[in-house]
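Coordinates in review
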Amino acid sequence: MRQHVVLAAAAGVLLSSILIRAQAPQPPTPAPAGTPGGAAAQAPQAPGGRGRGQGQGFPAQQRKLADAAVIERGGTLYGINCRLCHGADLRGGDMGGVNLLRSPIVLGDQDGELIYPVVHNGKQTEGLPPMPPLPLPEADVKAVAAYVHSVAARMAGQGGPPPGEAKELNILVGDAAAGQRYFDANCASCHAAAGDMAGVATRYPTPVALQSAWVAGGGGGRGGRGAAPAGRTPKPVTAVVTTRDGQRVEGRLDRIDDFLVTVTLADGTQKTFARSGNSPTIAITDPLDGHRQLWRKLTDKDIHDVTAYLVTLK
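Residues numbered from 1 in each chain as written. Predicted model: local features only at pLDDT ≥ 70, side-chain atom pairs only at ≥ 80, totals over all residues. Heavy atoms only, no water.

**Details of the overall build of the protein**
Keep this limit in mind: The helix count covers DSSP runs of H or I at least four residues long, the strand count covers runs of E at least two residues long, and both are numbered beginning at the N terminus. Each residue's exposure class comes from its accessible area (1.4 Å probe, protein chains only) as a fraction of the maximum for that residue type: buried when under 20%, exposed when over 50%, partly exposed otherwise. Contacts are assigned to residue pairs with any non-hydrogen atoms lying within 4.5 Å of each other. Exposure was quantified through the Shrake-Rupley algorithm and a 1.4 Å probe, taking into account, for residues, occlusion by the shown protein chains and nothing else.
When helices and strands are tallied, the protein shows eleven helices and five strands. With 314 residues in all, the protein has 31% of them scored as buried. Taking contacts inside the protein between residues at least 6 apart in sequence as the whole, the part at least 24 apart equals 52%. Total accessible area on the protein is roughly 20200 Å²; 57% of this is exposed by carbon and sulfur atoms.

Below is the structure:
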C-alpha cells in the first residue's frame, strides 16, 4: 500500500513539473535572417509609431497613405485647381489661401470626407478672400486629399515645409494702404513711422525676417524668430517694487514667482524681496505686452497688410 502511495506522489510531482514548464514564458527564439519573423519584422513601424521621423506622430495624421498613382493624380489636380491660392508647398499662396498643413479640416480629414464639402460648397473665412465652389467630382477631391495628406506626412513638423528644395516664398501679397490704417489704429501708440520705425525695412534682410520680427515684437521670439536686428538691444521687462513701509525700487525684472521677486537696479546691484499676499506691490512693464495683445486678434490678412506697409519704410 505504501509503495502505491509513493508511486502516486512521484507521478503527481512529474505531472506538475510538466504543467509548470508548459505554462512558463518561453524566451523569444531568434528567427533566421530573411524570414518573416527575422530582423526586418522586428523593425519599428514608421507610420503611427512613436517619434516624428515620418511626420505622422500626431494621432490625427495616423492614416494609411493612398496608392501612389492616386497621389500623383491628386498632385496634378492640386496644381491646376488649388496651387494658386494654397501655394506650391501647401502653406498658402499669392491669392491668400490658408496654410493647408495647419488647417484643422485637413488635419481631421481621413479620406476627403471633410475636404469635399469645402471644395463643393466653397468657404468664407473671416479676414480672407472667399473660396468659390469648385466643380470637381468627389473622386478627384479624394485624390487631391490623398496628395495633401501625403505631403503632410512628409513635413518636418506641424506647419513646416515639406522636404525638398527650398522655395522662396513671396509674402508681399497684402494691401499696404490697409496695413498703414491698421498700423495707425493699433501700433501708433507705441511706434511712429517717422520715429523708431523709420528705415525698418532696411534693418532686415528679407520681408520674411521683417514680418517675423514685427509679429514677435522685434525682441527675439522663440527659436530665434523675430530676433532684433544687429545693433539694437531689445527693451527689458522692468518692475517697480513698493514695500509695505513705502520703499520704492525700480529696475530690470530678473525673477518673479509666488515667493520672491528680484530686480537689477540701474547701478547693477540686485535686490530680492520676499512676497506674502499682496506685499510688496509690483508693477510690471513688458514692452512686448502690446504685441501679445495683438496676437489674439491678428488675422492672416492683417499680417500681410502690415508687412506690405512696413517694407515701404526705407
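**Side note on the pattern of salt bridges**
When the charged atoms of two side chains lie near each other, side chains of opposite charge can form a pair. What counts here: Throughout this description, the term salt bridge denotes a Lys or Arg side-chain nitrogen within 4 Å of a carboxyl oxygen of Asp or Glu.
Following the criterion strictly, the structure yields seven salt bridges and no others. In this structure, Arg91 and Asp89 form a salt bridge, with 3.1 Å as the shortest nitrogen-oxygen distance. For Arg91, a relative accessible area of 28% puts it in the partly exposed group. Taking the relative accessible area as the measure of exposure, Asp89 reaches 5% and is therefore buried. A salt bridge links Glu250 to Arg248; the shortest N-O distance between them is 3.8 Å. A residue is classified by how much of its surface remains accessible, and Arg248, at 58% relative accessible area, is exposed.

**So, the confidence of the model for the protein**
For clarity, the cut-off: Per-residue confidence from the predictor is reported as pLDDT, which spans 0 to 100.
On average, residues of the protein score 76 in pLDDT, and 71% of them reach the 70 mark or higher. Here helix H2 (residues 39–42) stands out as the least confident element of the protein, with mean pLDDT 35; helix H8 (residues 176–186) is the most confident, with 95. When the criterion is pLDDT under 50, residues 219–227 qualifies, and its contacts beyond four places in sequence or with other chains add up to 19 contacts.

**Concerning the sheet that holds strand S1 (residues 238–242)**
The cut-off we apply is this: Pairing between strands is defined by DSSP: at least two bridges between the two strands are required. All axes here are fitted lines through C-alpha atoms, helices being fitted over the stretch that makes contact, and every angle between N-to-C directions spans 0 to 180 degrees.
Strand order across the open sheet formed by five strands is S4-S3-S2-S1-S5, with antiparallel pairing between neighbours. Strands with a single pairing partner mark the edges of an open sheet, and in this sheet they are strand S4 (270–274) and strand S5 (281–285). If you compare each strand with its neighbour and ignore which way they point, the axes differ by 40° on average. The pairing of S1 with S5 spans five bridges and is classified as antiparallel. Within S5, the position partnered with Thr242 by the bridge is Thr281.

**Here we look at the packing of helix H9 (residues 207–216) against helix H11 (residues 300–310)**
Helix packing geometry: the angle between the two helix axes and the distance between the axes. The cut-off we apply is this: By definition, turning the near helix anticlockwise from the far helix through less than a right angle yields a left-handed crossing, and turning it clockwise yields a right-handed one.
Close contact between H9 and H11 brings their axes to 10 Å; oriented N to C, the two are set at 115°. For H9 against H11, the interelement crossing comes out right-handed. Along the contact surface, H9 presents Pro207, Leu210, Gln211, Trp214 and Val215, while H11 presents Ile303, His304, Val306, Thr307 and Leu310.

**Some words on the packing of aromatic side chains**
Cut-off, in case you're wondering: The rule is short: rings of Phe, Tyr and Trp, with Trp giving its six-membered ring, pair when the centres are within 6.5 Å, and they are stacked under 30 degrees, edge-to-face over 60, tilted in between.
Tallied over the full model, the rule gives two aromatic pairs. Centre to centre, the rings of Tyr78 and Tyr147 are 5.5 Å apart; their planes meet at 45°, and the pair counts as tilted. Placement of the pair is Tyr78 in helix H3 (residues 68–81) and Tyr147 in helix H7 (residues 138–154), with a sequence separation of 69 residues. Assessed through its relative accessible area of 2%, Tyr78 is described here as buried. Look at Tyr147 and you get buried, because its relative accessible area is 18%. For the pair Phe183 and Tyr309, a centre-to-centre distance of 5.6 Å together with 55° between the ring planes defines the contact as tilted. You can see Phe183 sitting in helix H8 and its partner Tyr309 sitting in helix H11, a full 126 residues away along the chain. For the pair shown, Phe183 and Tyr309 are each scored as buried.

**Here we look at the pairing of strand S3 (residues 260–264)**
Working note: regular strand, side chains alternate between the two faces of the sheet. Extensive coverage of S3 is indicated by the burial of four of its five residues. Bridging between strand S2 (residues 248–256) and S3 involves four bridges; their strand directions are antiparallel. Among the inter-strand pairings, Arg255 is bridged to a residue of S3, identified as Thr262. With antiparallel pairing between neighbouring strands as the criterion, S2 and S3 make up a hairpin whose turn holds three residues. Pairing of S3 with S4 involves five bridges; the strand directions are antiparallel. For Val263, the partnering residue across the bridge sits in S4 and is Lys271.

**Topic: H8**
Think of an α-helix as 3.6 residues a turn; residues three or four steps apart then line up on the same face. Test applied: In this description, one arc is meant: the one made by directions from the helix axis to the C-beta atoms. N or O atoms closer than or at 3.5 Å make up a polar contact, with two conditions inside protein: a donor-capable atom paired with an acceptor-capable one, and, for residues adjacent in sequence, both atoms drawn from side chains.
The set of residues buried in H8 consists of Ala178, Gly179, Tyr182 and Phe183. The buried residues of H8 occupy one face: seen down the axis, they fall within an arc of 140°. Seen from the buried face of H8, the exposed residues on the opposite side, beyond 90 degrees, are Arg181 and Ala185. Summarising the contacts, the buried residues of H8 are in contact with helix H10 (289–295) and H11. You can read the cap of H8 off the contacts: a side-chain oxygen lies 3.0 Å from the backbone nitrogen of Ala177, and it is on Asp175.

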